[in-house]
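# Summary of structural features
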Amino acid sequence: MPDSSARRIGIALTERQKIAWLRLIRSDNVGPATFRDLINHCGSAENALAMLPELSARGGSTRAIRIASASEAERELEIARRHGAQFIGIGEPDYPPALRQIEAAPPLIAVKGDLSTATRPSVGIVGSRNASIAGAKFAAAIARDCGRAGYAITSGLARGIDAAAHRASLDTGTVAVLAGGLDRPYPPENFSLLDEITAGSGLAVSEMPFGWEPRARDFPRRNRLISGISLGLVVVEAAERSGSLITARLAADFGRLVFAVPGSPLDPRCHGTNGLLKQGAIVTTGASDVLDALAPLSDLDTFQNTVIEEPGRGSTLLPPDDDDRTRIISALSPTPVDIDDIIRHTGVAAASVYLILLELDLAGRLHRHPGGMVSLAMED
């Protein structure tokens, strides 16, 4: 049984820091990976905000970069408070430990509910929205048994398998990850379920701003958080090319265990899960399959070895010269390449390469890809 009283480690952000972090992540062209690079280079979010115009201009931006204002950030914090929610930074004690370890983890997440659920080891359960009765009952049984064993159950609040897993773990602890803002849950039929989750031993999580209506492109981001929070992911009934398979692929990329429930080859809802089994997912016919496999991983110390904080002092690296910048841009193309290959190919010092890529990113001229790959953005 995992230790449900996980040691909370980290450093709390001050209100001033939290406002600066929120401003930075809400500014143009600043995603999680860029956010971390800016903190490392500039020393703090406040310093990064001051340097954004210069960095984006050096990257070749043809327009002024939009920087979120202090009043916008303060307003979002106030909206969160009115909804009984708050923001947690990646280095703070209540940030989910497993999520902290994934590539480009969100620097800030909005949460509402029982914060102790965030730091518990978690099992993700996802599957078909159009679930069969048998599939929903099986997902609920897995959720109940894993919850009783001390795991929080993480899912995406969708209808079908997600909703069954959440309902079965209301008493033991469940995490609902939203694709939109915490005040814009989807689908509408699960509003009351979300209220039950946040009023009890559960937690709602989102990286999107309050008021954000979820769009199709936001659901893969939600799936990424489900996989990142969980130690293992159980897939119950998933069609081919479904969102559940995206979640499973992300879980595998993060080094999480992927479990799949076998189903009838005549049922299209099982084609995806049966395909996962062919690819090496763990055959799951009961909760014991999940609990036995996760037992060696459930010590949260495995995920406590990194605490991210503002270093305070920024880099003293001088701006790269135009020749180095030209070499880097010439080496890039729309095809993703590894940053180490750029360094080897151009002969430019690693620190300068990273800084030039940061400048291009802020100017909207760079695309980041999983695994540290980058490519040149196509001109409009």
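Everything in this summary refers to the structure shown in the same document. (Residues numbered from 1 in each chain as written. Predicted model: local features only at pLDDT ≥ 70, side-chain atom pairs only at ≥ 80, totals over all residues. Heavy atoms only, no water.)

## What to know about the packing of helix 1 (residues 15-25) against helix 2 (residues 32-42)
The N-to-C vectors of helix 1 and helix 2 enclose an angle of 130°; their axes lie 10 Å apart at closest approach. Between helix 1 and helix 2, the interaxial angle falls into the category oblique. Considering the relative orientation of helix 1 and helix 2, their crossing is right-handed. Mapping the contact onto sequence places W21, L24 and I25 in helix 1 and P32, F35, L38 and I39 in helix 2. When its residues are assigned to classes, the contact of helix 1 with helix 2 shows seven nonpolar, no polar and no charged. (Axes fitted to C-alpha atoms, helices over the stretch in contact; angles between N-to-C directions. Helix = DSSP H or I, 4+ residues; strand = E, 2+ residues; numbered from the N terminus. Parallel < 35°, antiparallel > 145°, perpendicular 65-115°, else oblique. Left-handed = near helix turned anticlockwise from the far one by under 90°. Contact = heavy atoms within 4.5 Å. Nonpolar A, V, L, I, M, F, W, Y, C, P; charged D, E, K, R; others polar.)

## Thoughts on the pairing of strand 3 (residues 122-127)
Most of strand 3 sits inside the fold, with six of its six residues counted as buried. Residues of strand 3 alternate between two faces, with S122, G124 and V126 on one and V123, I125 and G127 on the opposite face, all of them buried. With three bridges joining them, strand 3 and strand 4 (residues 152-155) adopt parallel strand pairing. Residue G124 lies in a different strand from strand 4, and its bridge partner there is T154. Following the backbone out of strand 3, through helix 6 (residues 133-148) and into the adjacent parallel strand 4, one traces a crossover that is right-handed. As defined by bridge partners, strand 3 adjoins strand 7 (residues 232-236) across five bridges and the pair is classed as parallel. Within strand 7, the residue paired with V123 across the bridge is G232. (Buried < 20%, exposed > 50% of the residue type's maximum accessible area, 1.4 Å probe, protein only. Pairing = 2+ DSSP bridges. Right-handed = clockwise from strand over helix to strand, strands pointing away.)

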